[in-house]
Amino acid sequence: MTQIIQCIPNFSEGRNPGVIRSLVTAAQSVPGVILADYSSDASHNRTVITLLGGPEGIKTAVLALAKCARNQINMNLHQGEHPRIGAVDVIPFVPIKGITMEECVNLSKEVGKEISSELQIPVYLYEESAADTSRRNLADVRRGQYEGLAKKMAQWPPDYGNIPHPTAGAVAVGARRPLIAFNVNLSTSDISIAKKIAKKVRESSGGLKYCKAIGIMLKEKNSAQVSMNLTHYETTSIYTAVELIKSEAAKHGVAIVDTELIGIAPAKALLDCAIQYLQLKDFDYRQVLENHIGG
């Protein structure tokens with residue numbers, strides 16, 4: 001049976017076209033690995049790459065990307081809205097077809113060990129790969145960000161490696177379920193409004209289950225944004241999150257201008273939005289034409 005893993009490495013560079021091109025070239029360098037998507041954002045100062053392939057190909061591609069990021073991104077010069085601890089900030093492995101979560105966990109540990117030993121970048125294992133529950137949450141791993149990394153590592157040692165790389169920092173590596181990265185742009189430049197809405201939306205402050213959210217400022221658009229990760233889209237859908245943001249925004253006299261899907265998402269996640277928006281009664285997924293077409 002064919003094994004397919006989705007890997008979505010995030011890099012702390014979204015402004016330098018040359019570095020972004022180098023990362024894309026590295027992602028395309030391994031036969032059998034598909035570069036499914038990539039996107040860059042200047043305000044976040046971040047590039048997200050989505051790869052699809054088998055375990056060995058994905059491992060080879062990720063190590064090439066990590067080396068490229070280490071060589072070309074200097075975290076001492078990095079500024080951006082998105083939380084980060086390193087040049088290659090996070091490397092998640094998602095089982096898609098013919099492969100188990102346990103196998104992805106094992107692969108994440110293999111990759112983590114090689115990144116540490118070959119590139120001298122310390123590695124924190126997170127989500128399903130974490131050694132204990134205190135390390136599962138990526139937000140906890142990133143707390144303190146790159147600027148506080150040396151102090152954090154002294155108190156909270158990484159799983160592999162023991163000192164921050166002088167320019168590349170550290171990286172979080174792990175296996176997880178599919179995640180929806182989704183941003184909502186508001187009709188205001190008041191960042192405090194986005195932060196208040198994010199607090200209402202995210203699970204950690206009493207909001208929607210499996211929703212992580214922060215408020216940030218998009219300087220190039222002069223617009224505030226609510227940036228979200230939906231870690232279990234079948235429990236909390238994109239539609240549910242957007243509707244809550246719309247409601248909270250109205251309380252502050254602002255509206256949603258537009259939204260952004262970062263990377264790729266399962267078809268069901270998008271189809272569920274249509275079902276909820278249209279208030280379809282007794283809908284059956286067999287009513288979708290493409291579900292009857294092979295290939």
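Residues numbered from 1 in each chain as written. Predicted model: local features only at pLDDT ≥ 70, side-chain atom pairs only at ≥ 80, totals over all residues. Heavy atoms only, no water.

Caption draft 1: Examining the side chain of Ser 237 more closely. Examined against the element boundaries, Ser 237 turns out to sit in the loop between strand E10 (223-230) and helix H7 (238-251). Among all residues touching Ser 237, those that are not within four sequence positions of it are Leu 230 and Gln 276. (Helix = DSSP H or I, 4+ residues; strand = E, 2+ residues; numbered from the N terminus. Contact = heavy atoms within 4.5 Å.)

Caption draft 2: Inspection of the packing of helix H6 (residues 191-201) against H7 at higher detail. Where H6 contacts H7, the axes come no closer than 10 Å and their chain directions differ by 135°. The orientation of H6 with respect to H7, classified from their angle, is oblique. For the pair H6 and H7, the sense of crossing is right-handed. Between H6, through Ile 197, Lys 200 and Val 201, and H7, the contact on the second element is made entirely by Leu 244, Ile 245, Glu 248 and Ala 249. For the contact of H6 with H7, the class distribution of residues is five nonpolar, no polar and two charged. (Axes fitted to C-alpha atoms, helices over the stretch in contact; angles between N-to-C directions. Parallel < 35°, antiparallel > 145°, perpendicular 65-115°, else oblique. Left-handed = near helix turned anticlockwise from the far one by under 90°. Nonpolar A, V, L, I, M, F, W, Y, C, P; charged D, E, K, R; others polar.)

Caption draft 3: Geometry of the layout of surface pockets. In this model, the second largest pocket occupies a volume close to 160 Å³. Broken down by element, the lining of the second largest pocket gets its largest block of residues, five residues, from H7. In terms of residue class, the lining of the second largest pocket is built from seven nonpolar, one polar and two charged. (1 Å grid on protein atoms, 1.4 Å probe; cavity = no way out; pocket = protein on both sides within 12 Å on 5 of 7 lines; lining within 4 Å. Points joined across faces, edges and corners; volume = space filled by probe spheres on them.)

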